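Residues per chain are reported as follows:
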Amino acid sequence: MVLRLSDFDYPLDAEYIAQQPLSHRDHSRLMTLSRADGSLGHHVFAELPTLLKAGDLLVLNDTRVLPARFNCRRASGARIEGLFLREPQTACWEVLLKNAGRCKVGQTLDVSADEPLRMQLLENLGRGRWLLAVHPPAPAVDILDRIGATPLPPYIRRDGDGHETADRRRYQTVYAARPGAVAAPTAGLHFTSNLFDSLRAAGVESTCVTLHVALGTFAPVEAENVASHHMHAEWYELPGPAADQLNAARAAGRRIVAVGTTAVRVLETAAARSGSQPQQPYQGFRSESGWTDLFIHPPAKFRAVDAMITNFHLPRSTLLMLVAAFCSPGETGGVKIILDAYAEAIRRRYRFYSYGDAMLIE
């Protein structure tokens, strides 16, 4: 069965899109979805220790979101909005520029009258992406901390600058450690230090991998034939200690529970690169890092992940496609399973997208 982009569409009124995070992270609602029979349950995220099994291994993405949005101006005074994507080398950035149709290679962009930083356009990479040189040179993380703002997705509306301090704290997991993402791994936003204490007390372990969320995760799918979509590569790392924990869990027959689609992609990338047969669960995790453009969509099979925690995702997105694939591995029936679950979430007035509620699929 050829899946079309329209197969992953669903209606959602704007009132269901969470504009603000809850005051307590773990007070979000949590829908449980059984892949065996499609049955649903309705909980609060703080109940997670009672919903997981003793011995489960949570795999978290410890990427840290950069304040990646910035504003600059051409010599004419025209304002341009920028989104930092990555730093291929010191003082050389790949960025997305909005309202940059008249920009030309060699031109210089200024940040503000009070900021000595200048950006020289080096190469137009197409589709809004540019390479630029930053003067004076300094690590991107330092510059963005000074001039940048939280890269909230466009469906979260903000009037003025009064929300930046709160968003910079809340659009970040409590375990974020490695700067490099330009969007949050939102499934992790529901965790708190106290919740981790409760999970440990319940016999649930955790470990961290890294995937710096970038264009690969949030770029829209434009190909009508879903299988024709190509993901932008994103940098990931599976550290040695995490590989040891994963191998120990597999050897003991314990579940691997990925927190978010980005953690899923790290684990399934590791399995796909092993070169072994996909019929059996993957047991040979090892320390590795690199770039992954793995695009998971129905009827993909899963070798490394037994359950996952995820938010409610945009229609037609690669994230929704991954979750649909996980609902029915090796088949296409997961599309109906996930869309039925989303319809029930709408009926029960769940909150959607980055600052919204969560699902546990097992």
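Up top is the structure.
Residues numbered from 1 in each chain as written. Predicted model: local features only at pLDDT ≥ 70, side-chain atom pairs only at ≥ 80, totals over all residues. Heavy atoms only, no water.

K.L.:
I'd like a description of unusual backbone geometry, backed by residues and values.
P.N.:
A cis amide bond, omega -5 degrees, links H135 with the succeeding residue P136. Inspection of the secondary structure assignment puts P136 in the loop between β10 (129–135) and α2 (140–147). Residue P299 is reached from P298 by a cis peptide bond, and omega for that bond is 10 degrees. Residue placement: P299 occurs in the loop between β15 (288–292) and β16 (307–311). Backbone geometry at A91 places phi at a positive 70 degrees, although glycine is not the residue there. Note on A91: relative accessible area 10%, which makes it buried. Unlike most non-glycine residues, R127 shows phi in positive territory, near 55 degrees. Among the structural elements, R127 can be located in the loop between β9 (115–126) and β10. (Helix = DSSP H or I, 4+ residues; strand = E, 2+ residues; numbered from the N terminus. Buried < 20%, exposed > 50% of the residue type's maximum accessible area, 1.4 Å probe, protein only.)

K.L.:
I'd like a rundown of empty space enclosed by the protein, residues and numbers included.
P.N.:
Applying the stated criterion to the full structure yields two cavities of 30 Å³ or more. Lining the largest cavity, in full, are P21, L22, R25, S28, R170, L189, H190, S354, Y355 and G356. Along the lines of polarity and charge, the residues of the lining of the largest cavity split into four nonpolar, four polar and two charged. Along its surface, the second largest cavity is lined by T217, M231, T261, R265, L294, F295, I296, T318, L319 and L322. Of all the elements in the fold, those that place two or more residues in the lining of the second largest cavity are α7 (261–272) and α8 (318–327). By residue number, the principal contributor to the lining of the second largest cavity is α8, which donates three residues. (1 Å grid on protein atoms, 1.4 Å probe; cavity = no way out; pocket = protein on both sides within 12 Å on 5 of 7 lines; lining within 4 Å. Points joined across faces, edges and corners; volume = space filled by probe spheres on them. Nonpolar A, V, L, I, M, F, W, Y, C, P; charged D, E, K, R; others polar.)

Function-wise, these values are silent; they only describe arrangement.
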